[in-house]
Amino acid sequence: MTSFGSPPPNTTSPSPSPPMTKKQKSNPELNNTCSTAPAATALPSSCGTLGRHLARRLAQIGVRDVFSVPGDFNLTLLDHLIAEPELNLVGCCNELNAGYAADGYARANGVGACVVTFTVGGLSVLNAIAGAYSENLPVICVVGGPNSNDYGTNRILHHSIGLPDFSQELQCFQTITCAQAVVNNLEDAHELIDTAISTALKESKPVYISISCNLPGIPHPTFARDPVPYFLAPKLSNQLGLEAAVEATADFLNKAVKPVLVAGPKLRVAKAQKAFVELADACGYPIAVMPSAKGLVPEHHPHFIGTYWGAVSTSYCGEIVESADAYVFVGPIFNDYSSVGYSLLIKKEKSVMVQPKRVTIGNGPSLGWVFMADFLTALAKKLKKNNTAYENYRRIFVPPGIALKRENNEPLRVNILFKYIQELLGGDTAVIAETGDSWFNCQKLRLPENCGFEFQMQYGSIGWSVGATLGYAQAAKDKRVIACIGDGSFQVTAQDISTMIRCGQRSIIFLINNGGYTIEVEIHDGPYNVIKNWNYTGLVNAIHNGEGKCWTAKACTEEQLAEAISTATGAHKDSLCFIEVVVHKDDTSKELLEWGSRVSSANSRPPNPQ
């Protein structure tokens, strides 16, 4: 049973901060937080207001940092969030980055939140919330809305599109959130807010809450006491369906000669990582991950064989999976990217597809209301141990080759960069991989125990990683985040490097400067894929402006890279470190070349005959 009064299971949230004095709130240098807003007007503890209720609810569910951009419709609400001792307000440079930060925060913490203003803010954060929806992340998106008296009056407001109908923002959010609440009346505000937040946790999806700007500070009887923690109803499998699914699957797999086990990204939303490991331990099958599930399965497991990504799989992993006579896919998402342009050599009749609430066995039965964790735990007790496929893998495996000998001061190569990044990884680090060639290079990193890994494959929004790095690092203060970001992506969202510095973060950002949108080049090249080169270290130094801890370096050779990393992990281990890595524009992973060709082929299919 999941308590609404504590963070969701399988997540780590930072310990609550002690209450801050008014002086500390007005001077972030005193408490090393990144809130720069002035202290709010003190609110009496007996003051039962909507703003205080929302702030307490966010704290109860495990949110400690709220990412925001102020606007005249949300200012009073922000005062109430600042007044909550367990919340820290993180002001971002724009709404898109605030949404990306809430996404990254939710990945590390289990739930995230952002606050923006009516329409101009709501429509700016929309793209980030859509990405969180695609990745099954509970993000509470709060928007400061129009004065409650303006609804239904035929008035035209600023920040609107010039129509007396204010519903455009709501209509946009309806398709990318699992619940929406427009709070313009105190009578039902309590119910609307609680229903939206609890739905986000139950569905593991974002929600939208619009709160009229004149309501947060008005006392109302429904907020007369602190929010009462309550419990989300547990989800229980249909016992008969569970038993039938386990029996049919065990019969199917126990007849197989060389079965394999493949983890997919929906392991996270099903909270089934522990049950997956139980099954892997029990069955002896080799275990692989789909690319977007990297980081959800421990790679130090003795039977881990790598990433299954069709033609661009980890060496020998794809061959073992596709030659198996039975495969169990747990929480898969098969799209054109994960299937490498629909080219996977997987046959339905050989597969068991385990989704969060359903199990389908080959061409046979499909059983619903069977929950993933329940199913995997029960199946582990029914399978015969079979390590045939893993032994086959061990027989054919050849360790990765050694990079070609280099000359002194030879221009830096990407494969050399990632050799050094591999050496940086430990249980106290996490990797954030931006859309682009970093997808493929980071897939080849072997993650040590407890090393985090995140990227956004389903939505693939370039620029996501800057905000996500900010949010993830803010939630996981025990880890040093290592972000791999291409120059094209960085140009989209660079501003919130300033917020990282203000928050005292110590991430290491590798800016890979190859002069353009390399992933797009390999799908379909054109002059639009070339971007203006920036002085990236100069830009970050300008943002730093002597305030806070930030260090930059530029590496064009292996010698310069080694020296930069040594400094970032030594003298500047407590600083935000930005290392610009200059490489040739055509220096890409072999996997991107193959993947780009196949995705290009899928994109350019001619219309079917009418």
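Conventions we followed
Residues numbered from 1 in each chain as written. Predicted model: local features only at pLDDT ≥ 70, side-chain atom pairs only at ≥ 80, totals over all residues. Heavy atoms only, no water. Helix = DSSP H or I, 4+ residues; strand = E, 2+ residues; numbered from the N terminus. Buried < 20%, exposed > 50% of the residue type's maximum accessible area, 1.4 Å probe, protein only. Contact = heavy atoms within 4.5 Å. Areas by Shrake-Rupley, 256 points an atom, 1.4 Å probe, with all protein chains shown as cover. pLDDT = per-residue confidence, 0-100. Axes fitted to C-alpha atoms, helices over the stretch in contact; angles between N-to-C directions. Parallel < 35°, antiparallel > 145°, perpendicular 65-115°, else oblique. Left-handed = near helix turned anticlockwise from the far one by under 90°. Nonpolar A, V, L, I, M, F, W, Y, C, P; charged D, E, K, R; others polar.

I'd like a description of the overall build of the chain, backed by residues and values.
A count of helical and extended segments in the chain gives 22 helices and 21 strands. Taking all 610 residues of the chain together, the buried fraction comes to 56%. The contacts of the chain with a sequence gap of at least 6 include a subset with a gap of at least 24, amounting to 77%. When the accessible surface of the chain is split by element, carbon and sulfur atoms take 52% of a total near 25,100 Å².

Can you tell me about unusual backbone geometry, naming the residues and giving the values?
Despite not being glycine, Asn154 has its phi angle at roughly 70°, a positive value. Structurally, the position occupied by Asn154 is in the loop between β5 (139-145) and α6 (168-174). Under the relative-accessibility criterion, Asn154 is labelled exposed at 64%. Backbone geometry at Asn450 places phi at a positive 70°, although glycine is not the residue there. The residue Asn450 is located in the loop between α15 (437-443) and β17 (452-455) in this model.

Now, about the confidence of the model for the chain: what can you tell me, with residues and values included?
For the chain, the average pLDDT comes to 88, and 89% of its residues sit at 70 or higher. Across residues 1-33, where pLDDT falls below 50, the model places 69 contacts with residues more than four positions away in sequence or in other chains. Every residue in residues 35-46 scores below 50 in pLDDT, and together they form 17 contacts with partners more than four places removed in sequence or on other chains.

Break down the packing of helix α14 (residues 414-424) against helix α21 (residues 558-568) for me, citing the residues and quoting the values.
Interhelical geometry of α14 versus α21 gives an angle of 20° and a closest axis separation of 10 Å. It follows from the interaxial angle that α14 and α21 lie roughly parallel. Where α14 crosses over α21, the two elements pack in a sense that is right-handed. Contact with α14, carried on its side by Ile416, Leu417, Lys419, Tyr420 and Leu424, involves Glu558, Leu561, Ala562 and Ile565 of α21 and no other residues of that element. Residues that form the contact of α14 with α21 fall into these classes: seven nonpolar, no polar and two charged.

Before we move on, can you summarise the environment of Ala245 with the specific residues and values?
Within the element layout of this structure, Ala245 appears in helix α8 (residues 239-254). By relative accessible area, which is 0% here, Ala245 ends up buried. The spatial distance from the C-alpha of Ala245 to the C-alpha of Leu379 is 8.8 Å, given a sequence separation of 134 residues. With near-sequence residues (within four places) excluded, Ala245 lies in contact with Val359, Ile361, Leu367, Val370 and Phe375.

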